Every structure is written in C-alpha cells, then in structure tokens.
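If you want the building blocks of each chain, they are given just below.
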Amino acid sequence: DGVNRLGDMIAGAKVIVPFTGAGISTETGIPDFRSPGGLWTRNRPIHFDEFVASQDARDEAWRRRFAMQETFAAARPGRGHHALASLYRAGKIPAVITQNIDNLHQDSGFAADHVIELHGNTTYARCIGCGQRYELDWVHRRFQTGGAAPDCPECAEPVKTATVSFGQAMPEAEMRRATELAQHCDLFLAIGSSLVVWPAAGFPLMAKQAGAQLAIINREPTDQDDVADLVIRFDIGEVLGPFVRN
Ligand code: OAD
Ligand code: ZN
C-alpha cells in the first residue's frame, strides 16, 4: 500500500527535502488554517497593509496572538517532526522547508540554519521598520501598560510577530535556499499543506520538474495531487510515526 511505497521511496532516496504545512503540527494542539475549526474559518487574516495603516488592526493582531500564546508555548514536536528529525540525523535530509511559524522543527532537533522558514516565526517579534528583534514578553508588557500594540522605541515603526502576512514580501534568502533545495533532491515530501498559498506552493512542482519524485501526505486532497508520484490521504503522525528513531 501507500505507506509501504513511501518506505521504499525514503529508503531509496539519497537526498530528501521535506516541505511542511500546518497539518504536521495539529497533533501538537496548534490548529491549522483551512480545516474545520482552522484559524481562517474563525477569523479572516489581517492583511499587511491594514496592519501598517491601522492601530486597531495592530491591536487586533496582537490580541489574537496573545490568545494563542498558551497553545504555542505548550506545543511540543509531534511524530511527524520527530520522524523528519530522525532522517535529518541520519544524513538523508539536508534541511526542511516549512510554511510553519511555530518553531517545532527547531525544537525537534533541526539546527536553526537547516529550517527554511518561508513564512517567518511567531515565537518572537520584529520592528517592520528597522528589523530590531523584540521578545513577546516585552510586547505583552508594553501592550498591558500602554493599552495598545507598541511601536519600536528605536524608530517608531510598528512591531509585528516575525511572520509573513498576506501582502508582505517573501524573505529573499529563504526563497533562494528553498529553490536550491527543491532543485537538488531526489525525493520531495509535501506534508500537511493544502498547497494553495503561493509562492510557497510552487516548490513541490519545482522539485518535480527538476526530476525529484514527489510524495504528498495530507488528510484532504490538495491542489497538486495529480502531479504527485504518491499521495497518502491519512493522518501524518500515523504515517510518519514508524520513521522515528531515537
Ligand atoms: P492549511 O490549513 O491550508 O492546510 C493544512 C492541511 O493539513 C489541510 O489540508 C488538512 O487536511 C491537513 N491536515 C491537518 N492535520 C492533519 C493530520 N494530522 N494529518 C494529515 N493531514 C492533516 O495550512 P497550510 O497549507 O500550512 O500563511 O497553509 C499555508 C499558509 O496559509 C500558512 O503558512 C499561512 C496560511 O495563511 C501565512 O500566514 C502567510
Ligand atoms: Zn524599529
């Protein structure tokens, strides 16, 4: 069946590049975006232009982030993360490309430099003007004492989670490195993503066109199932659990 074929593909591949979405983290308690109960079924996303233009939008964005803080802080890597970390330690995975912002690949043992974060990281904040880093505790304290989302003390521009919002530019170095990885692997694994958000969703296709085999593991059908060599529509933890090595 599909899981046996995946095992053969993983065993036969020299260079495997995983590309992950929110579905790899749902078993850790963090909701995804587009499943029933997902974040975008509850709240519409706040566009970057709104965030820049409106204090109300910034306050709302930070209220939403603080409301998720216990969930993010409590989340530990799941079976999917541990399986990828095992293949990384075994030398089969050079780096992981992720759309996730939850830091769980780093927490599972990937060196920070080997996690290509296409959409940034929500466990800290940055000034959108000068790029200065701020910790969430600092933002929270300033929000509490000032009653509003704080601006950067250095340059007075807004402070935002270090994530990429709709309407915000993609990080250039990460896009370059993801392109290199997609073009130089023999197996590309798309895991837990609906593959609808571009340009991130272009990487599976890019890998396939460069000659890699493409396997998709996702509970729901994705936009790119028809180009994949293998599609496994099942729970990620169940499928990847057997690849965890201590
Ligand atoms: P989505 O919510 O669009 O897709 C997650 C997919 O994972 C869904 O198709 C689910 O069926 C599947 N899934 C969830 N839990 C699973 C499990 N345990 N086993 C198997 N499949 C499971 O999330 P992404 O594709 O990551 O961007 O979303 C892409 C981008 O859209 C995000 O990075 C974010 C969002 O807007 C930004 O914020 C810029
Ligand atoms: Zn600044």
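Note: the structure precedes this text.
The paragraphs below set out a description of the structure included in this document. Since the model is a prediction, treat every value here as computed from it, not as a measurement.

## Focus on unusual backbone geometry
For step 1, the next point in the chain: Following W198, the chain continues to P199 via a peptide bond in cis, the omega torsion being 10°.
For step 2, the next point in the chain: Here P199 shows up in the loop between β7 (187-191) and α10 (202-209).
For step 3, the next point in the chain: Of note in this structure, A156 is not a glycine but carries a positive phi near 70°.
For step 4, the next point in the chain: Note that A156 resides in the loop between α8 (136-146) and β6 (159-163).
For step 5, the next point in the chain: Overall, A156 belongs to the exposed group, its relative accessible area being 52%.

## What to know about the packing of helix α9 (residues 172-183) against α10
For step 1, the next point in the chain: Relative to each other, α9 and α10 sit at 40°, their axes nearing to 8 Å. Like other packed secondary-structure pairs, α9 and α10 cross with a definite hand, here right-handed. The residues of α10 that touch α9, namely those facing M175, A178, T179, A182 and Q183, are F203, M206 and A207.
For step 2, the next point in the chain: Counted by class, the contact of α9 with α10 contains six nonpolar, two polar and no charged residues.

## What about helix α4 (residues 55-67)?
Since the α-helix turns once every 3.6 residues, residues separated by three or four places project in the same direction.
For step 1, the next point in the chain: Taking 1.5 Å per residue, 13 residues should reach 18 Å; α4 reaches 18 Å between its end C-alpha atoms and fits that length.
For step 2, the next point in the chain: Where α4 is concerned, the buried positions are A57, R58, D59, W62, R65 and F66.
For step 3, the next point in the chain: A side-chain oxygen of the first residue of α4 lies 3.2 Å from the backbone nitrogen of D56; this N-cap is S54.

## A closer look at the sheet that holds strand β9 (residues 230-232)
For step 1, the next point in the chain: Read across the sheet, six strands follow the order β3-β2-β1-β7-β8-β9 without closing on themselves; strand pairing throughout is parallel. Of all strands in the sheet, those with a lone pairing partner are β3 (115-117) and β9, marking the two edges. Along the sheet, successive strands turn relative to each other by an average axial angle of 15°, direction set aside.
For step 2, the next point in the chain: Together, β1 (16-20), β2 (96-98), β3 and β7 form the strand contacts of α9, whose direction differs from that of β3 by roughly 125°.

## Some details on the sheet that holds strand β5 (residues 133-134)
For step 1, the next point in the chain: Strands sit in the order β5-β4-β6 across an open sheet of three strands; the sheet is antiparallel. Each of the sheet's edge strands pairs with one partner strand only, and the pair in question is β5 and β6.
For step 2, the next point in the chain: Sheet topology note: the strand β4 (residues 120-127)/β6 ladder contains five bridges and is antiparallel. Note that in β6 the partner of C127 across the bridge is V159.
For step 3, the next point in the chain: Docked against the sheet, α4 engages β4 and β6, running at close to 55° with respect to β6.
For step 4, the next point in the chain: The strands touched by α8 are β4, β5 and β6; relative to β4, the strand with the most contacts, the crossing angle is about 60°.

## A short note on the coordination of the zinc ion (ligand 2)
For step 1, the next point in the chain: In the first shell of the zinc ion (ligand 2), the protein supplies C127 (SG), C130 (SG), C152 (SG) and C155 (SG), at 2.3 to 2.4 Å from the metal.
For step 2, the next point in the chain: Written as a sequence motif, the donor residues of the zinc ion (ligand 2) are C-x2-C-x21-C-x2-C.
For step 3, the next point in the chain: What makes C127 buried here is its relative accessible area of 4%.
For step 4, the next point in the chain: Residue C130 is classed as partly exposed on the basis of its relative accessible area, which comes to 44%.

## As for the site of ligand 1
For step 1, the next point in the chain: Taken together, 23 residues lie near ligand 1, and R34, W40, H119, S193 and S194 sit nearest.
For step 2, the next point in the chain: Side-chain polar atom of D235 to a nitrogen atom of ligand 1: 3.0 Å apart, as the coordinates give it.
For step 3, the next point in the chain: Considered on its own, ligand 1 offers 790 Å² of accessible surface; in the complex 95% of this is hidden by protein.
For step 4, the next point in the chain: Partitioned by chemical class, the residues of the shell around ligand 1 number eight nonpolar, 10 polar and five charged.

Rules used in this analysis
Residues numbered from 1 in each chain as written. Chains lettered and ligands numbered in written order. Predicted model: local features only at pLDDT ≥ 70, side-chain atom pairs only at ≥ 80, totals over all residues. Heavy atoms only, no water. Helix = DSSP H or I, 4+ residues; strand = E, 2+ residues; numbered from the N terminus. Buried < 20%, exposed > 50% of the residue type's maximum accessible area, 1.4 Å probe, protein only. Axes fitted to C-alpha atoms, helices over the stretch in contact; angles between N-to-C directions. Left-handed = near helix turned anticlockwise from the far one by under 90°. Contact = heavy atoms within 4.5 Å. Nonpolar A, V, L, I, M, F, W, Y, C, P; charged D, E, K, R; others polar. Expected span 1.5 Å × (residues − 1). Polar contact = N/O pair within 3.5 Å; in protein donor to acceptor, adjacent residues only side chain to side chain. Pairing = 2+ DSSP bridges. Donors = N, O, S within 2.8 Å, 3.2 Å for Na, K, Ca; no water. Near = heavy atom within 4 Å. Areas by Shrake-Rupley, 256 points an atom, 1.4 Å probe, with all protein chains shown as cover.

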